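The chain contents come next:
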Amino acid sequence: MGRGKLRIYLGAAPGVGKTYAMLSEAHRRVERGTDCVVAFVEHHGRPRTEVMLHGLEQTPRRELEYRGGLFTEMDVDAVLARRPKVALVDELAHTNIPGSRNAKRWQDVEELLAAGIDVVSTVNIQHLESLGDVVESITGVRQRETVPDEVVRRADQIELVDMSPQALRRRMAHGNIYRPDKVDAALSNYFRPGNLTALRELALLWVADRVDEYLQQYRSEHRVSAIWGSRERIVVGLTGGPEGRTLIRRAARLAEKGAGGEVLAVYIARSDGLTSASPKELAVQRTLVEDLGGTFHHVVGDDIPAALLDFARGVNATQIVLGVSRRKSWQYVFGPGVGATVARDSGPDLDVHLITHDEAGKGRGLPAARGARLGRSRIIWGWLVGLAGPALLAVLLNAVDLGLANDMLLFLAVVVAAALLGGLFPALASAAFGSLLLNYFFTRPLYQLAIADPKNIVALVIFVGVAVSVASVVDLAARRTQQAARLRAESEILSFLAGNVLRGETGLEELLERVRETFGMESAALLERQSDVDPWTCAGSVGPRPCTNPEDADVDVPVGDHMALALTGRVLPAEDRRVLAAFAAQAAVVLDRRRLRAEADRARALAEGNRIRTALLAAVSHDLRTPLAGIKAAVTSLRSDDVAWSEEDQAELLEGIEDGADRLDHLVGNLLDMSRLQTGTVTPIIREIDLDEVVPMALGGVPEDSVVLDIPETLPMVSVDAGLLERAVANLVENAVKYSPDGKPVLVSASAIADRVEVRVVDRGPGVPDDAKERIFEPFQRYGDAPRGAGVGLGLAVARGFAEAMDGTLHAEDTPGGGLTMVLSLHGTGSRPPDAAEPHAQEPLHPARPERQSL
């Protein structure tokens, strides 16, 4: 039994039609005879969506009772027992009610897929885990319900359900998404045109990146080397010269003309490298291309045009930007240059742009060397001159008699020319062939391989010796030149690597990607193990199908006793291992740095916790003693036999004891709460509740008639921890009552805005200046001249901590007309309380305060 297939309808915002599209697809499949059932679909009261459920089989839902409420969730066992071909599961990021089989709905979907059932689901872009911060910066709302990106990326099909912001707002205004009483608030908050446009762009870009991943995977699996211009990718060839900045800016302008355009700047260091490259200039150009949203790449290649084209085709580039050559006119006799060669060999799938610049035609300083060692074409010319030259020279000298000495000097000149062009072996062949021709045509007896005069023998020996010596010197010089050029290229790479790591700009994956690009490998992985007998584990990898064992790699470089850098793709020459060893050592350093940083973060958290605990002990020295002293004095007075206390006096003393005990209870509760928040031990139990169940209970600690409660019955339910919410609201109300003038009660109201529910605690006190609105939420902060008996300044800090633990927010605003308003924003579920449609009795403002719930 194979794994089922997952299809996801992705939308930019609620109401774009994901569920409708999913149900339409279900109807199409049913008409084709596919066994398709609705495992869980929530229509949210939208008539058109509800109509689409007609005619589709629905599996019964599982009912769960949680804290006095009855909720329904998808019954995974029922779906598995039914075993349909396709199951429809709405809202992939949904959090299940505690007591469900799994904590998240996507985990339920994983079970269905593992059982071989195909699943069609929906999700909004704001629920992707990696985009939480981005969405919050756009909308101001932090999404509590998220789904890991990898779950969505693994989907077999992802279909974008798109709608323009204007059309979506019209749907909202017509009442097709939310109830009429929520439309105005939604349009003015979450569904603002700017928010919807940004979310739409985010969804389009995410899907485009996913499509690009599919394309790269397909090209890799089918070994497609031709360029498919599905997306503008512009490669900028850099030489390290000053013209690089002009090329980068021009490429960025070209990329802006196409949607989703990318700029990839590449510097190719070859063994006969670009001798005028400036490391400082390359660093400036790297910063420039990254500031413009591009990427910088450093590649080693013996043939610059071929390496540039290979890189461009490897990244599926559509355009190459090069600068007009800086060579002077006379230097073109040595070849057409990189730009002309790339344009000639690029083929029809790559556009090559040659950009003019101020440095064109001014020369490149030192001339470039002409190939690895001597270059293939140069060696061929050496053989041609070494073999054809003596033959032609023999024909010419037969017609002109210059004497044996002059003949030998001319033949020696040909040998030297062969040595200069082709190195040792062409020169040796030329010397041997020339000596034979001299012996046959120019030494007596003529036309015989014999020498009559012994002096001619000496001359021929000297001729051969000089030829061999010259050839050896030229070949040695070529070797040294090649080694120097290669060492220079290696030093540039190592310098670039060291600079990146010292600046802290290279992570482990980025470093491994640099290794893979530099050496032209398919994959790179850093492997480690605890001991010689333990299995290898992968600390980081890049590229398709990285190996999990050094023995399976094409190249492996050990790093210490229990770590190795493993690469696949091709076998590297021995001289490349020196640079590769430096990369491997640096990868180990980066890995250690990452782990040390994690340890430092944990140590920092522990230090912060110790600081808070120390501050707690220092802060409560007076605040604990005051109520304890009052309680002790009252108890001592009551037990005294020297004074006959009246009933009124006894009642007053007992009331003082009760007040002191309440102050101690409140103080110790806040201290414990703050300590748990700082140590990260607060674990909220999130469930859907009605605010009417919690907020009235939080008012038991304040005087009667000091609070006015305004919570509409039509509010949606909120996803919170009831105990944490009660404590947070209680602290806010007590703080507001403390600073509110007599006769001006505190207002506690609630309202719904988009998918949020806001609880506002409004007082008419002196207010707080803007520069102090954030400071009042810090621990041990009291505003103004509040006495120490007023508390240790933890109430608001605890309230904000509890709000954030429930994925909510808490901030302060000015009250119109004077005062301070605390705004507690919570995540709404969109569903109304079960009894919202029925009138119910008014909640009392001051019920008996229940026992505090455990955290």
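Residues numbered from 1 in each chain as written. Predicted model: local features only at pLDDT ≥ 70, side-chain atom pairs only at ≥ 80, totals over all residues. Heavy atoms only, no water.

Our next topic: the overall build of the protein. On a plain count of helices and strands, the protein comes out with 23 helices and 24 strands. Looking at the protein residue by residue over its 855 residues, the buried ones come to 47%. Excluding contacts between residues fewer than 6 apart, the proportion of contacts in the protein whose partners are at least 24 apart in sequence is 72%. When the accessible area of the protein is evaluated, it comes to approximately 42000 Å², of which 55% is carbon and sulfur surface. (Helix = DSSP H or I, 4+ residues; strand = E, 2+ residues; numbered from the N terminus. Buried < 20%, exposed > 50% of the residue type's maximum accessible area, 1.4 Å probe, protein only. Contact = heavy atoms within 4.5 Å. Areas by Shrake-Rupley, 256 points an atom, 1.4 Å probe, with all protein chains shown as cover.)

For the rest of this paragraph, the subject is the nonpolar core. Formed by 62 residues in total, the largest nonpolar core has its most connected members in L88, L92, L112, I125, V147, F191 and W206. Each residue touching L92, except ones within four places of it in the same chain, is listed here: I8, R105, W106, V109, S121, T122, V123, V147, V151 and V152. Formed by 47 residues, the second largest nonpolar core is a distinct cluster that contains V718, A722, F777 and V798. (Core = buried A, V, L, I, M, F, W, Y, C linked by side-chain atoms within 4.5 Å.)

Sheet architecture is open: five strands sit in the order β11-β10-β9-β12-β13, paired in parallel fashion. Taken across any chain shown, the strands that pair with only one partner, and hence form the sheet edges, are β11 (295-300) and β13 (351-355). The mean angle between the axes of side-by-side strands here comes to 25 degrees, regardless of whether they run parallel or antiparallel. With five bridges connecting them, strand β12 (residues 319-323) and β13 associate as parallel partners. Among the inter-strand pairings, V321 is bridged to a residue of β13, identified as H353. Packing of helix α10 (residues 244-256) onto the sheet brings it into contact with β9 (233-238), β10 (262-269), β12 and β13, and relative to β9 it is tilted by some 175 degrees. (Pairing = 2+ DSSP bridges. Axes fitted to C-alpha atoms, helices over the stretch in contact; angles between N-to-C directions.)

A few words now on the confidence of the model for the protein. Here the protein averages 78 in pLDDT, while 78% of its residues score no lower than 70. When the criterion is pLDDT under 50, residues 785-791 qualifies, and its contacts beyond four places in sequence or with other chains add up to 11 contacts. (pLDDT = per-residue confidence, 0-100.)

Before going further, it helps to examine the packing of helix α15 (residues 404-422) against helix α16 (residues 424-442). In the contact formed by α15 and α16, the axes pass within 8 Å of each other and the chain directions differ by 160 degrees. The orientation of α15 with respect to α16, classified from their angle, is roughly antiparallel. With respect to the hand of their crossing, α15 and α16 are arranged in right-handed fashion. Contact residues: α15 offers L404, D407, M408, F411, V414, V415, A418, A419 and G422, while α16 offers L424, P426, A427, S430, A431, G434, L437, L438 and F442. Within the contact of α15 with α16, the residues separate by chemical class into 14 nonpolar, three polar and one charged. (Parallel < 35°, antiparallel > 145°, perpendicular 65-115°, else oblique. Left-handed = near helix turned anticlockwise from the far one by under 90°. Nonpolar A, V, L, I, M, F, W, Y, C, P; charged D, E, K, R; others polar.)

Going through the model one piece at a time under the given rule, you end up with two cavities of 30 Å³ or more. Its boundaries defined by the atoms lining it, the largest cavity holds a volume of some 70 Å³. In terms of lining residues, the largest cavity is bounded by G140, V141, R142, R756, D807, G808, T809, S825, L826 and H827. Sort the elements by how many residues they give to the lining of the largest cavity and strand β24 (residues 820-827) lands first, with three residues. Class assignment for the residues of the lining of the largest cavity results in two nonpolar, five polar and three charged. Each pocket or cavity is described by its volume, and for the second largest cavity that value is around 60 Å³. At the level of secondary structure, the elements contributing two or more residues to the lining of the second largest cavity comprise α7 (165-173) and α9 (193-221). The leading source of residues in the lining of the second largest cavity is α9, at three residues. Here the lining of the second largest cavity is composed, by residue class, of eight nonpolar, one polar and two charged. (1 Å grid on protein atoms, 1.4 Å probe; cavity = no way out; pocket = protein on both sides within 12 Å on 5 of 7 lines; lining within 4 Å. Points joined across faces, edges and corners; volume = space filled by probe spheres on them.)

Mapped onto the elements, T122 comes out in strand β7 (residues 118-124). In this structure the side chain of T122 is engaged in a polar contact, spanning 2.4 Å, whose partner is the side chain of D90. Residue contacts for T122: discarding those within four places in its chain leaves Y9, K18, T19, M22, V89, D90, E91 and L92. (Polar contact = N/O pair within 3.5 Å; in protein donor to acceptor, adjacent residues only side chain to side chain.)

Moving on: the packing of helix α22 (residues 722-739) against helix α23 (residues 795-805). Two numbers describe how α22 lies on α23: the axes approach to 9 Å, and their chain directions differ by 150 degrees. As judged from the angle between their axes, α22 and α23 are roughly antiparallel. Seen along the crossing, α22 lies across α23 with a hand that is left-handed. Of α23, the residues touching α22 (which contributes L724, R727, A728, N731, L732 and N735) are G795, L796, V798, A799, F802 and A805. Its residues assigned to classes, the contact of α22 with α23 shows eight nonpolar, three polar and one charged.

Moving on to the packing of aromatic side chains. For the coordinates displayed, the defined rule picks out zero aromatic pairs. Note that R61 overlies the ring of F40, its terminal NZ or CZ placed 4.0 Å from the centroid. Note that R800 overlies the ring of F777, its terminal NZ or CZ placed 4.0 Å from the centroid. (Phe/Tyr/Trp six-rings, centres within 6.5 Å; stacked < 30°, edge-to-face > 60°. Lys NZ or Arg CZ within 6 Å of the ring centre and 35° of its normal.)

Along the chain, Q285 turns up in helix α11 (residues 279-291). For Q285, a relative accessible area of 0% puts it in the buried group. Other than its neighbours up to four places away in sequence, Q285 contacts L238, G240, G241, P242, G244, R245 and I248.

Turning next to a negative patch on the surface. Together, E647, E648, D649, E652, E655, E658, D659 and D662 make up a negatively charged patch on the protein surface. Relative to the assigned elements, D649 resides in helix α20 (residues 647-679). On the basis of relative accessibility, which here comes to 32%, the residue D649 falls in the partly exposed class. (Patch = residues over 30% accessible without salt bridge, like charges linked within 9 Å, V, L, I, M, F, W, Y side chains within 5 Å. Salt bridge = Lys/Arg side-chain N within 4 Å of Asp/Glu carboxyl O. Lys, Arg positive; Asp, Glu negative; His and termini not counted. Charge placed at Lys NZ, Arg CZ, Asp CG, Glu CD.)

Together, I379, W383, L387, F425 and L428 line one region of the surface with nonpolar side chains, adding up to about 450 Å² of accessible area. Where the nonpolar patch is concerned, the elements lending two or more residues are α14 (376-399) and α16. Here the element with the most residues in the nonpolar patch is α14; it accounts for three residues. Within the secondary structure, I379 is located in helix α14. A relative accessible area of 32% places I379 in the partly exposed class.

Once that is clear, we can look at α7. Turning to α7, its buried residues are P165, A167, L168 and M172. Along the axis of α7, the buried positions cluster into a sector of 165 degrees, meaning they face one direction only. (Arc of directions from axis to C-beta.)

Once that is clear, we can look at the pairing of strand β16 (residues 555-558). The alternating pattern of β16 places V555 and V557 on a buried face and D556 and P558 on a face that is not buried. Sheet analysis places β16 next to strand β17 (residues 563-568), joined by four bridges and oriented antiparallel. What sits directly across from P558, in β17, is A564. In sequence, β16 turns back onto β17 through a hairpin of four residues, with G560 there showing a positive phi of about 75 degrees.

Our focus in this paragraph is the sheet that holds β16. As summarised here, the arrangement of the four strands in space is β15-β14-β17-β16, forming an open sheet in which the pairing is antiparallel. In this open sheet, the two edge strands, each paired with only one partner strand, are β15 (537-542) and β16. Looking at each pair of strands side by side, their axes are set apart by 20 degrees on average, direction ignored. Two elements, strand β14 (residues 523-528) and β17, share six bridges in a ladder whose sense is antiparallel. Within β17, the position partnered with A525 by the bridge is A566. Across the face of the sheet, helix α18 (residues 508-519) comes into contact with β14, β15 and β17 while running at roughly 60 degrees to β15.

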